[in-house]
Amino acid sequence: MAVLYGVGVGPGDKELITVKGVKIIQKCDVIVAPTATEGGESIAFETSKEYVREDAEVAIMHFPMGGKDRLKKSKEAYEFIEKRLAEGKNVAFLTIGDPYVYSTYIHMLSHVKEHGFEVNTIPGITSFCAAASLVDRTLVIGDEKLVVMPATKVNEITDEKFIVVMKMYKREEEVLDVLEEKGFSYTYVSRVGREGETVLTDREEILKLRDYMSLIIASRD
Ligand SMILES: C[S@@+](CC[C@H](N)C(=O)[O-])C[C@H]1O[C@@H](n2cnc3c(N)ncnc32)[C@H](O)[C@@H]1O
């Protein structure tokens, strides 16, 4: 029986894909990779393309970030994949970072599971773990908790000491205001492991850059 593999390819550095992820990509007949913009490039595919078989079918599929189209697009992707699985082809669905962290894979998977296909998920190095190593910053220690949140939730911070804020784009100002008001020190990392990798701690520079592929690691005493 053919298998759908969800493969986390890491943050974008070609050397930060797991050996297992590479082996799976190499054996798959079909590669599906998401892109955030219609006709745009897929970071997940660009990261792993050297491991894709020459005879593999590659589908770069557009997944809108939200809105009513998201459901429709994940169903379309599912139908594409289902057809290949029914033909006995192994399919790899690529995601940046880890497949179970804020990924389009999760939406698409709900359809696949309903239809009884075999699914095998290969973890990847998350963007925030890669960012922490890049900037030598502790994510969490001792008996503290780490809270990973999207920028839309920063107002819900209560007693946390260690946080990661993802999906920063267009909310940079609000996030920095909250963090500063609550006494956090922070490091902003954009495009970790990729061309254009940038590390910033200065508020004005962060507000000037405003990159979609960015996150913040923050902590306070
Ligand atoms: C749709 S989520 C994907 C998360 C991914 N599955 C992971 O495990 O890191 C997209 C968000 O991840 C973060 N992100 C992904 N890749 C990144 C990178 N190379 N550098 C900085 N942030 C990144 C950003 O916060 C971005 O808005």
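Taking an unreviewed UniProt entry as the reference, the protein is identified by name as Cobalt-precorrin-2 C(20)-methyltransferase belonging to Clostridium uliginosum. Its UniProt record gives the protein a comment under Sequence similarities (unreviewed entry), which states: "Belongs to the precorrin methyltransferase family." Note on the protein: under the UniProt heading Catalytic activity (unreviewed entry), the record states "Co-precorrin-2 + S-adenosyl-L-methionine = Co-precorrin-3 + S-adenosyl-L-homocysteine + H(+)".

1. With respect to the overall build of the protein
The helix and strand inventory of the protein stands at seven helices and ten strands. Since a compact globule built from 221 residues should have a radius of gyration of about 17 Å, the 18 Å found for the protein is in line with a globular shape. Principal-axis analysis of the C-alpha atoms places the extent of the protein at approximately 55 × 35 × 35 Å. Sorting the 221 residues of the protein into buried and exposed places 37% on the buried side. Within the protein, residue pairs in contact and separated by at least 24 positions form 70% of the contacts whose partners lie at least 6 positions apart.

2. Some details on the site of the ligand
Close contacts around the ligand come from 25 residues, with G97, V101, T126, S127 and M166 the closest. Counting residues per element, the ones that place at least two in the shell around the ligand are α5 (127-135), β8 (185-190) and β10 (214-219). A per-class count over the shell around the ligand returns twelve nonpolar, nine polar and four charged.

3. Quick look at the sheet that holds strand β3 (residues 57-62)
Taken in spatial order, the five strands make up an open sheet running β3-β2-β4-β1-β5, and their pairing is parallel. Edge positions in the open sheet fall to β3 and β5 (118-122), since each of these has one partner strand only. Averaged over neighbouring strand pairs, the angle between their axes works out to 20° when direction is ignored. Examined bridge by bridge, strand β1 (residues 3-8) and β5 share five bridges and lie parallel to one another. Paired with Y5 across the strands is N120, a residue of β5. Taken strand by strand, helix α1 (residues 19-27) contacts β1, β2 (30-35), β4 (91-95) and β5, and its axis lies near 140° from that of β1.

4. Here's the deal with the environment of V164
Within the secondary structure, V164 sits in strand β7 (residues 162-166). Remark: the alpha-carbon pair of V164 and S219, spanning 55 residues in sequence, is separated by 8.8 Å. Setting aside residues up to four positions removed in sequence, V164 forms contacts with F128, L146, V148, L215 and I217.

5. Some words on the domain arrangement of the protein
Domain boundaries in the protein define domain 1 (3-122) and domain 2 (127-219). Domain 1 and domain 2 are separated by 27 Å when their C-alpha centres are compared. Each side of the interface is counted separately: domain 1 has seven residues, and domain 2 has eight residues. Its residues placed into classes, the side of domain 1 that touches domain 2 shows three nonpolar, three polar and one charged.

Parameters at a glance
- Residues numbered from 1 in each chain as written.
- Predicted model: local features only at pLDDT ≥ 70, side-chain atom pairs only at ≥ 80, totals over all residues.
- UniProt positions renumbered as here; feature names shortened; annotations may be inferred.
- Helix = DSSP H or I, 4+ residues; strand = E, 2+ residues; numbered from the N terminus.
- Rg over C-alpha atoms; globule rule 2.2 N^0.38 Å.
- Buried ≥ 20, exposed ≤ 12 C-beta atoms within 10 Å, placed from the backbone.
- Contact = placed C-beta atoms within 7 Å.
- Near = placed C-beta within 6 Å.
- Nonpolar A, V, L, I, M, F, W, Y, C, P; charged D, E, K, R; others polar.
- Pairing = 2+ DSSP bridges.
- Axes fitted to C-alpha atoms, helices over the stretch in contact; angles between N-to-C directions.
- Domains from an automatic or database assignment.

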